[in-house]
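Fold and contact review
Listed below, chain by chain, are the residues.
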Amino acid sequence: MSALWSVGAGLLLLLLWVRHRGLEAVLVHHRWVFVCFFLLPLSILFDIYYQLRAWAVWRLHSAPRQHAQRVRHIQEQVREWKKEGSRRYMCTGRPGWLTVSLRVGKYKKTHKNIMINLMDVLEVDSERQVVRVEPLVSMGQLTAYLNPMGWTIPVVPELDDLTVGGLIMGTGIESSSHIYGLFQHTCVAYELVLADGSLVRCSPTENSDLFYAVPWSCGTLGFLVAAEIKMVPAKKYVKIHYEPVRGLQKICERFTEESKKKENSFVEGLMYSLDEAVIMTGVLTDEAEQSKINRIGNYYKPWFFKHVEKYLKADRTGVEYIPSRHYYHRHTRSIFWELQDIIPFGNNPVFRYLFGWMVPPKISLLKLTQGEAIRKLYEQHHVVQDMLVPIKSLEKSIQTFHVDLNVYPIWLCPFILPNNPGMVHPKGNEAELYVDIGAYGEPKSKQFEARASMRQMEKFVRSVHGFQMLYADCYMTREEFWDMFDGSLYHRLREEMNCKDAFPEVYDKICKAARH
């Protein structure tokens, strides 16, 4: 009873302090208070709900039976929109705050919302090595479903809450992408409801133009209702080799060398300054030295990027065996390194052991509760950007990131970009090795100004025939946007499929210049 009184007294004091300081001041300058006391417990309830739901679906096998019925309901909504005169654009009815993108989609308030409640794994075809899923299936959900069966997918993008639909309509990448390409390149078929309410399946051999146009289209060609994704056999561990490297030229050389080696199952780099990095290579294995197993995903373990930094500080190489699922979601607990700005003491051993099991807070809940003051603060003094550039331009690109942003750590992830039709492909006629440069955090560059600095970055990326991930803030004009991306197939299909009255153009949906 005394414990309850203590908790009650503590909460009362907390509420009095919040009232004294003002809620907005607390949310801006002491956000950890709100996150620790409210968002973390709420995130746990969210997880419990979705885990129970997934368990119920698995036990009852309801997903395959109900999928066709749910798709018909989506078709009925689209046909109803046509009967109403097609006066507004359509979009999914999923609230904007539920997406992992930090951008808040204001178009949801003015467009016709089509409700799409599709979040189940439909079928695992071991013979074809393909899994068929609905678009709202998350990466955490999918790996938890497949791993016990001995399967995984070739590219498992970081963060548990990323969905299949978001990774197809936008894009996704992981440290295995130097072999398999982006997430879209591991998909073998899509099923969509089009602007006329029809259901269409597309693949490289069936409605191939649509198949290649869907990735990066951000839901502006139709509503994705299912996808078929390649599977590969899962192994128990990833054997990771950590190599600290100093000197920018040497970092780029070593990273490029390792990225070209197909015997590496995984390649990743973390840069802690302009001339300091740790390059990690990994191979899948079922055997492990027991003394070198590191279950990095356990709640009490150090955040992965902090763990990696130890090898740099000690100036030594190292080898570990990380359980595969822990490796696939190694950056999830710290949201890469974003959580250190929200909970500054989050990697403290005491916090990890007492409260680490509740981490991370749901990104969707962070968005929902951030308020206008925090949103503006983040927009002007925070960057979350992924730029995809040819690996031959890596050194020049890192120098540009350093001058314009000066944000560290920087994430380096290589990927092979095949010469397929669509919005994103190499400049030449052959596949080319690219690298994702991820900058997440508060810029330390003295001349940083959000719009001007990002426009400078976008100009540089266009000059090396690179691409900007579309989940982030984009400041390009329409002409600049279509100079970066190849819109020839996309625009032709929008014309042929009568999308212009049904969905906004992708530029109007995601770019700040169009939304303001």
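Residues numbered from 1 in each chain as written. Predicted model: local features only at pLDDT ≥ 70, side-chain atom pairs only at ≥ 80, totals over all residues. Heavy atoms only, no water.

What follows covers the overall build of the chain. When helices and strands are counted, the chain shows 21 helices and 17 strands. Burial status across the chain gives 55% buried among its 516 residues. As displayed, the chain offers around 23100 Å² of accessible surface, 54% of which is attributable to carbon and sulfur atoms. (Helix = DSSP H or I, 4+ residues; strand = E, 2+ residues; numbered from the N terminus. Buried < 20%, exposed > 50% of the residue type's maximum accessible area, 1.4 Å probe, protein only. Areas by Shrake-Rupley, 256 points an atom, 1.4 Å probe, with all protein chains shown as cover.)

One broad trend across soluble globular proteins is that nonpolar side chains are buried collectively. If you look at the biggest cluster of nonpolar residues, it comprises 145 residues, and the most contacted ones within it are Tyr190, Leu210, Phe481 and Phe485. Beyond its immediate sequence surroundings of up to four residues, Phe485 is in contact with Trp216, Met423, Val424, Phe467, Gln468 and Leu470. (Core = buried A, V, L, I, M, F, W, Y, C linked by side-chain atoms within 4.5 Å. Contact = heavy atoms within 4.5 Å.)

Let us look at the environment of Gln66. With respect to the helices and strands, the residue Gln66 is situated in helix α4 (residues 62-83). Residues Gln66 and Leu118, 52 residues apart in the sequence, show an inter-C-alpha distance of 9.6 Å. For Gln66, the side chain forms a polar contact with the side chain of Arg70, separated by 2.8 Å. (Polar contact = N/O pair within 3.5 Å; in protein donor to acceptor, adjacent residues only side chain to side chain.)

This part takes up the side chain of Ser203. Relative to the assigned elements, Ser203 resides in the loop between β7 (199-202) and α8 (208-213). The class of Ser203 is buried, set by a relative accessible area of 5%. Residues contacting Ser203, with those up to four places away along its chain left out, are Val188, Ala189, Ser208 and Phe211.

Taking burial as the measure, the 10 residues of strand β16 (residues 432-441) include 10 buried ones, the bulk of the element. Sheet analysis places strand β14 (residues 383-390) next to β16, joined by 8 bridges and oriented antiparallel. Bridge pairing links Val383 to Gly441 in β16. Note: strand β15 (residues 410-417) against β16, 8 bridges, orientation antiparallel. Bridging from a neighbouring strand, Trp411 pairs with Gly438 of β16. (Pairing = 2+ DSSP bridges.)

Coordinates in, geometry out; function isn't part of it.
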